[in-house]
Amino acid sequence: MKPIIALLLCYVTITNGLLCLECDESESIAECDVNGRLVACQSNQKACETVVRRSGYSPGDVKVMKGCKQRKACRNNQAQNTQVSGGGKQCNADQPSSVCSCCCVGDGCNIGEPPCIEEVINVTCPVQATFYHGEMQCSDGNNEGSVCKFVCTEGAFSVYPDGVNANQCMGGGVWNISMPCCARPCPPYFLYDMVTLYHTTNVQLFDIFSLGAIIRTSAIAIGPEATQSASFYYSDKIDEDSVVYFNDYNYNRSLGIRLYDERTRPNNSANGKVNTGAAIQWALRNMFNESRGARRNVPKVIVVAIDSDSDDDVTSASQAARDAGVLIYVFNIPPAGGALDQDQMLSITNDVDHIFTFDPERRNFFSNVGSFTTDVISHFCSDPCNHAFHN
């Protein structure tokens, strides 16, 4: 390098034109710098250029050219470095074919490694999100080549998708695969807040609904990052003594069952009226409040458990609930020798698959509970990464 510097100083004293190192198809930057020569550029050549071409990974597959260039043409060539080519950029370090051009202004500025290539090739990948419920360890942060490994450390959590335990920052500034998450099996870990609205005109049938109460179902986890259940009984109005709010038992299943058994019992009005629409509206306004233990940004579910048609309008209240993102189901027990109003129940759920008809003799109890669970799985378990708190 010293002879070139001495030659550069000599040239500066005898010429006013730009001086650039010139070489043609050297196999490395170092070879070009040793074997190249400083030349005086023509008057319209106001830049020095370095071009590195690679056609493979074997010795001899790299060709380096340096010389004078018109400034506009030189900058245009350098701008092509980041253009998409194949699976990455035109100037890259992770593909067999690459063309990198660097432009500079100043006598001898293209001697040595061209900095612009480092700027293009040594890119970083986007910073990955916090890996909740586990640990992420990266070999070199978010720099090219860095490998990040993921391990879930909290109980019941495992890496999802299964087997995706690591990813790598590639030369194009992208991770080779998206980072996984720590998730739990769904079921039994359904993440939602559920409110059940009960009414039975035939009070002898109430135990069928009571038996199927979510709070009793051991196959569904109850907890701060799982399901929680609230309930109340209604007829023409809400029986406020029957209400069990979410934070009345704070995920303590045994306490929740005791409160449910103590409070949620049939208590029908003397006028015999059933106002399901008003009950849905009351649930939407009063049960899904954070002050009552409802959780922010957690899916909401209403189950209407009835054995009678409603005497009020159910359509507007049900639509308001669905507009708020609430999923609604109907569990119904038809009267002897008859059936409930299917159109009315469909107005509540807006989905025929969300209507479950129970036999008064309980012959289809478990099959209905199984079908309900299957439908809940379809809504809440499709992406386990969205079914746990990640904050």
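Residues numbered from 1 in each chain as written. Predicted model: local features only at pLDDT ≥ 70, side-chain atom pairs only at ≥ 80, totals over all residues. Heavy atoms only, no water.

Viewed as axis vectors pointing N to C, helix α7 (residues 276-286) and helix α8 (residues 315-323) meet at an angle of 30°, and their least axial separation amounts to 8 Å. What the angle tells us is that α7 and α8 run roughly parallel. For the crossing formed where α7 meets α8, the hand is left-handed. Along the contact surface, α7 presents G277, I280, Q281 and L284, while α8 presents A317, S318, A320 and A321. (Axes fitted to C-alpha atoms, helices over the stretch in contact; angles between N-to-C directions. Helix = DSSP H or I, 4+ residues; strand = E, 2+ residues; numbered from the N terminus. Parallel < 35°, antiparallel > 145°, perpendicular 65-115°, else oblique. Left-handed = near helix turned anticlockwise from the far one by under 90°. Contact = heavy atoms within 4.5 Å.)

Let's shift gears to the confidence of the model for the protein. On average, the protein scores 87 in pLDDT, and the residues at 70 or more come to 92%. Predicted confidence for residues 5-14 stays below pLDDT 50, and this span has nine contacts to residues more than four positions away or in other chains. (pLDDT = per-residue confidence, 0-100.)

So, about α8. Within α8 the residues assigned to the buried category are A317, S318, A321 and R322. Down the axis of α8, the smallest arc covering the buried residues is 135°, so these residues share one side. Looking at the buried side of α8, the elements it contacts are α7, β17 (326-332) and α9 (342-349). G325 sits one or two positions beyond α8 and adopts a positive phi of about 90°. (Buried < 20%, exposed > 50% of the residue type's maximum accessible area, 1.4 Å probe, protein only. Arc of directions from axis to C-beta.)

Take the state of the cysteines next. Scanning the entire structure with this criterion turns up 12 disulfides. Between the sulfur atoms of C186 and its disulfide mate C381 the distance is 1.9 Å. Taking the sign of the S-S torsion, about -60° here, the bridge from C186 to C381 comes out left-handed. Placement of C186 in the loop between β12 (181-183) and β13 (193-199) and of C381 in the segment after α10 (365-380) is noted, with a sequence separation of 195 residues between them. You can call C186 buried: its relative accessible area is 16%. (Disulfide = S-S within 2.5 Å.)

With that settled, the discussion passes to the environment of N297. Here N297 shows up in the loop between α7 and β16 (300-306). Between the C-alpha atoms of N297 and Y192, which are 105 residues apart in sequence, the distance is 9.4 Å.

What follows is about the pairing of strand β9 (residues 147-152). Alternating residues of β9 divide into C148, F150 and C152, all buried, and V147, K149 and V151, none buried. Two strands pair when backbone bridges link them, and strand β8 (residues 134-138) and β9 are joined in this way by five bridges, in the antiparallel orientation. Residue pairing across strands places C138 opposite C148, the latter belonging to β9. In terms of strand pairing, β9 meets strand β11 (residues 166-168) through three bridges, oriented antiparallel. If you follow C148 over to β11, its bridge partner there is N167. (Pairing = 2+ DSSP bridges.)

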